[in-house]
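Commentary on secondary and tertiary structure
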Amino acid sequence: MATNTMDNDVDPAATGETKDSDLASENASLRERLMRALAETENTRRQGERRAEDAQQYAITNFARELLQVVDNLRRAVEASATDAGPRKADGLIEGVAATDRILTQILNRFGVVN
């Protein structure tokens, strides 16, 4: 007694083509997902590098801004000694302050910080 099932009615060549087509579309879909994931990973890496550079730059900027206050105070000390008509006992001290001001200004200028 032979029973006729649905599998017997289907052309074997047609199912092979459908499987190949399904595999090809699945392969293309997986390849697209992979490429998107790789692109996203690369974008995340670049963004991380950019954030690290920005953080370093802003940290240096804040540090330089704080040092500018020191430069200003050194210059005030030198200017105050120039207007003082009193005895010149502290000439060595003022020369040291002026030298410190020059060196600090040179260092800041070397790093692009201008007062």
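Scroll up a little and you will see the structure.
Reading the values: the criteria
Residues numbered from 1 in each chain as written. Predicted model: local features only at pLDDT ≥ 70, side-chain atom pairs only at ≥ 80, totals over all residues. Heavy atoms only, no water. Helix = DSSP H or I, 4+ residues; strand = E, 2+ residues; numbered from the N terminus. Buried < 20%, exposed > 50% of the residue type's maximum accessible area, 1.4 Å probe, protein only. Areas by Shrake-Rupley, 256 points an atom, 1.4 Å probe, with all protein chains shown as cover. Expected span 1.5 Å × (residues − 1). Arc of directions from axis to C-beta. Salt bridge = Lys/Arg side-chain N within 4 Å of Asp/Glu carboxyl O. 1 Å grid on protein atoms, 1.4 Å probe; cavity = no way out; pocket = protein on both sides within 12 Å on 5 of 7 lines; lining within 4 Å. Points joined across faces, edges and corners; volume = space filled by probe spheres on them. Nonpolar A, V, L, I, M, F, W, Y, C, P; charged D, E, K, R; others polar. Core = buried A, V, L, I, M, F, W, Y, C linked by side-chain atoms within 4.5 Å. Contact = heavy atoms within 4.5 Å. Polar contact = N/O pair within 3.5 Å; in protein donor to acceptor, adjacent residues only side chain to side chain.

Here we look at the overall build of the protein
A count of helical and extended segments in the protein gives 3 helices and 0 strands. Going from the N terminus to the C terminus, the protein shows its helices and strands as α-α-α. For the protein, the residues scored as buried account for 10% of the 115 residues in total. A total of about 9900 Å² of accessible surface is found on the protein, and carbon and sulfur atoms cover 55% of it.

Considering helix α3 (residues 91-110)
Taking 1.5 Å as the rise per residue, α3 with 20 residues should run 28 Å; its terminal C-alpha atoms sit 28 Å apart, in good agreement. Along α3, the residues classified as buried are V97, A98, D101, L104, T105 and L108. Along the axis of α3, the buried residues cluster in a sector spanning 130°; they form a single face. Facing away from the buried side of α3 by more than 90 degrees, the exposed set consists of G92, E95, Q106 and R110. Just downstream of α3, G112 is the residue with a positive phi angle, here 85°.

A few points about the pattern of salt bridges
Under the defined criterion, the tally for this structure stands at 5 salt bridges. The partner of D101 in a salt bridge is R75, with the nearest N and O atoms 3.4 Å apart. Note that D101 is positioned in helix α3 and R75 in helix α2 (residues 12-83), a separation of 26 residues in sequence. The buried category is assigned to D101, whose relative accessible area is 11%. What emerges from the salt-bridge pattern is a single network uniting E42, R45, R46 and E49.

A short note on the layout of surface pockets
There is about 160 Å³ of room inside the largest pocket. Contributing to the lining of the largest pocket are I60, F63, A64, L67, L104, I107, L108, F111 and V113. Counting residues per element, the ones that place at least two in the lining of the largest pocket are α2 and α3. The biggest single contributor to the lining of the largest pocket is α2, with 4 residues. Across the lining of the largest pocket, the residue classes tally to 9 nonpolar, no polar and no charged.

Digging into the nonpolar core
Among the nonpolar cores identified, the biggest contains 8 residues, and these are A64, L68, V71, L74, V97, L104, L108 and V113. Leaving out residues up to four positions away in the same chain, L104 has contacts with L67, V70, V71 and L74.

Examining the side chain of T105
In this fold, T105 is placed in helix α3. Among the residues examined, T105 registers a relative accessible area of 19% and is labelled buried. There is a polar contact of 3.0 Å between the side chain of T105 and the side chain of R75. Polar side-chain contacts of T105 include one of 2.7 Å to the backbone oxygen of D101. Here T105 is in contact with V71 and R75, once residues within four sequence places are set aside.

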